[in-house]
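What the coordinates show
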Amino acid sequence: MNHFELREGELACEGVPLSRIAAAVGTPVYVYSTATLERHFTIFRDAMRATGHGEPLIAYAVKANPNLSVLKTLGALGAGADTVSEGEVRRALAAGIAPERIVFSGAGKTDEELAFAIDAGVSEINIESEPEMERLAKIAAARNARPTVAFRVNPDVAAGGHAKIATGKSDNKFGVSMTEAERLYAIASNNANLRPVGVACHIGSQITDLAPLESAFGKMRALVERLRAEGLSVERLDLGGGLAAPYFNHPEPPQPADLAAVIARALKGLDVQLAFEPGRVIAANAGVLVSRVIHVHERPEGPRFLVLDAAMNDLIRPAMYEAFHDILPVKPNPEGGEPLTYDVVGPICETGDTFARERDLPPLKAGDLVAFLSAGAYGASMSSEYNSRPLVPEVLVRGDQFAVVRPRPTYEAMLAREPLAPWL
Ligand code: LLP
């Protein structure tokens, strides 16, 4: 469920009509609902509390939607943060998320990033390889520190879904193997500058089938038991993120409660603190991208192009993953009208700048507003200024108020960012 609904004949975010935001801020623009963010976080946390493993750490995956106001909204509910760069750690800290609730993952953290995470007191640095462990120990020794670490393990499970976002097979770059995990955990436990507290896995994103997750969790449980049998201390098990969001083109994906049931079954009787790294399931349906129709270009021999002012630089998911986003008119015509078939495209100079092919939509004309649904995760966070299009702005709604939480840069500001080489 989300808080984008028709109110008095037009699409609104909570109490604010999207057309009012479009008029005030211009288009394209991302619009987020506070109520949906809060609802999704609470549902996820409550479901994981019910697995019978005490109070879980819900470390929201910052990459899904790193806007500071989004982080602050979730942080106020007790969310931690799953981060993958110094920039994300800094964002989480700036949003008031305590370092004890920050997880730092990533297949290639630099020395500078590791040093920053140690100094900031990040509670779980997820080591993803042996060379990374060695570098971290050396950096920690130089600072006389003993960071708490976990090992991100690659459980060699195919998560299903799009290959570009599957991370849990042995030929993906992420994490140490099961056998490496046992060996490295023992080495780290004997290192005065590392304090291993647990193991972590994350096998992919937009996972619609819980069977691979159950298989991965079973393998992780067995690993925890083997480590403990060797006399090693394992306090925490981080089960990652990955639960799918509904994009409306396939049957309802499993709910957090379904995931919790799988976890309760896989980990029954195991005394361990749980951590999670959900991103999409919290943020996707909490956001839409509002765009205006520039014109309809109808070739006599077809197709019929709906040319929007949003483009692949604003929402890259369809171009990059063939992702489906539902598209709705912001002010549906009360008279209806037979749907027409459109190719929905942006103005960028590549054929890849296509949001949807042969999509049936109500008749639309120049100036109409449309909303891309489920765009709150991996939408603005993957946006760019390709074609020198100003970075898409973001707006947060709460009840009947809204605030611009990332303004659209001016052209002057964009040009001023680039000092000319002195010889020019
Ligand atoms: N933890 C780690 C270590 C991750 O790499 C990710 C996502 C997450 C948690 C959060 O996963 P989620 O709960 O959001 O599925 N840009 C792609 C998605 C990439 C996901 C990358 N890792 C997309 O637009 O579909």
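Predicted model only: the values in this text are computed from it and were never measured.

Attention now moves to the overall build of the chain. Summing up its helical and strand segments, the chain has 12 helices and 20 strands in all. Computed over the C-alpha atoms, the radius of gyration of the chain is 23 Å, within 12% of the 22 Å expected from 2.2 N^0.38 for a compact globule of 424 residues. The principal-axis extent of the C-alpha atoms belonging to the chain is close to 70 × 60 × 40 Å. Taken across its 424 residues, the chain has 54% of its residues classed as buried. When the accessible area of the chain is evaluated, it comes to approximately 18,000 Å², of which 53% is carbon and sulfur surface. Taking the average location of the 42 positive side-chain charges in the chain and that of its 53 negative ones, the two points are 3 Å from each other.

Turning to the sheet that holds strand β12 (residues 273-276), a few remarks are in order. Pairing is parallel in the closed barrel, where 8 strands are placed in the order β5-β6-β7-β8-β9-β10-β11-β12. The sheet shows a mean angle of 30° between the axes of neighbouring strands, direction not considered. Strand direction decides the pairing type here: strand β7 (residues 102-104) and strand β8 (residues 124-127), joined by 2 bridges, are parallel. Looking at β8, one finds that Val103 is bridged to Glu124. Contacts between helix α2 (residues 34-49) and the sheet are confined to β5 (57-61) and β12, with β5 contributing the most and set at about 145° to the helix. Strands in contact with helix α7 (residues 178-189) are β9 (148-152) and β10 (195-200); relative to β10, the strand with the most contacts, it is inclined by about 160°.

Before going further, it helps to examine the packing of aromatic side chains. Any pair of aromatic rings gets described here by the distance separating the centres and the angle formed by the planes. Counted under the stated rule, the structure contains 4 aromatic pairs. Pairing Phe44 with Phe276 gives two aromatic rings, centres 5.8 Å apart and planes at 80°, and the pair type is edge-to-face. With Phe44 in helix α2 and Phe276 in strand β12, this residue pair connects regions lying 232 residues apart in the sequence. Above the face of the Phe104 ring, Lys109 is positioned so that its terminal group lies 5.8 Å from the ring centre.

In this section: the sheet that holds strand β1 (residues 4-7). Here we have 3 strands laid out as an open sheet, ordered β1-β2-β3, and antiparallel in their pairing. Each edge of the sheet is formed by a strand with only one pairing partner; in this case those strands are β1 and β3 (16-17).

With that settled, the discussion passes to helix α1 (residues 18-25). Turning to α1, its buried residues are Leu18, Ser19, Ile21, Ala22 and Val25. Looking straight down α1, one finds its buried side chains confined to an arc of 160°; they lie on one side. Turned more than 90 degrees from where α1 packs its buried face, Ala23 and Ala24 sit exposed. Where α1 ends, the next residue or the one after it, Gly26, has phi of about 85°, a positive value.

As a structural note, the neighbourhood of the ligand is formed by 18 residues, with Ser205, Glu277, Arg280, Arg317 and Tyr378 the closest of them. One nitrogen or oxygen atom from the main chain of Gly242 is found 2.8 Å from an oxygen atom belonging to the ligand. A distance of 2.6 Å separates an oxygen atom of the ligand from a polar side-chain atom of Arg317. Lining the shell around the ligand are residues from two domains, each supplying at least three of them: domain 1 (4-32 + 284-416) and domain 2 (34-279).

Grouped together as the largest cluster of nonpolar side chains are 103 residues, with contacts concentrated most on Val199, Leu237 and Val344. Looking at which domains feed residues into this core, each of domain 1 (4-32 + 284-416) and domain 2 (34-279) supplies at least three. With residues up to four places along the chain from it excluded, the contact list for Val199 reads Ala150, Phe151, Val153, Tyr185, Met220, Leu223, Val224, Leu227, Arg236, Leu237 and Asp238. Counting residues in each nonpolar core, the second largest holds 18 residues, with Phe4, Val25, Val29 and Val31 among its members.

Here we come to the domain arrangement of the chain. One can read the domain layout of the chain as domain 1 (4-32 + 284-416) and domain 2 (34-279). The distance between the C-alpha centroids of domain 1 and domain 2 comes to 33 Å. Contacts between the two partners involve 24 residues from domain 1, matched on the other side by 22 residues from domain 2. Where domain 1 abuts domain 2, roughly 2,000 Å² becomes buried across the two surfaces, and 57% of that area is made up of carbon and sulfur atoms. Inspection of the domain 1/domain 2 interface yields 0 salt bridges.

Criteria and cut-off values
Residues numbered from 1 in each chain as written. Predicted model: local features only at pLDDT ≥ 70, side-chain atom pairs only at ≥ 80, totals over all residues. Heavy atoms only, no water. Helix = DSSP H or I, 4+ residues; strand = E, 2+ residues; numbered from the N terminus. Rg over C-alpha atoms; globule rule 2.2 N^0.38 Å. Buried < 20%, exposed > 50% of the residue type's maximum accessible area, 1.4 Å probe, protein only. Areas by Shrake-Rupley, 256 points an atom, 1.4 Å probe, with all protein chains shown as cover. Lys, Arg positive; Asp, Glu negative; His and termini not counted. Charge placed at Lys NZ, Arg CZ, Asp CG, Glu CD. Pairing = 2+ DSSP bridges. Axes fitted to C-alpha atoms, helices over the stretch in contact; angles between N-to-C directions. Contact = heavy atoms within 4.5 Å. Phe/Tyr/Trp six-rings, centres within 6.5 Å; stacked < 30°, edge-to-face > 60°. Lys NZ or Arg CZ within 6 Å of the ring centre and 35° of its normal. Arc of directions from axis to C-beta. Near = heavy atom within 4 Å. Polar contact = N/O pair within 3.5 Å; in protein donor to acceptor, adjacent residues only side chain to side chain. Domains from an automatic or database assignment. Core = buried A, V, L, I, M, F, W, Y, C linked by side-chain atoms within 4.5 Å. Buried area = accessible area lost by both parts, 1.4 Å probe. Salt bridge = Lys/Arg side-chain N within 4 Å of Asp/Glu carboxyl O.

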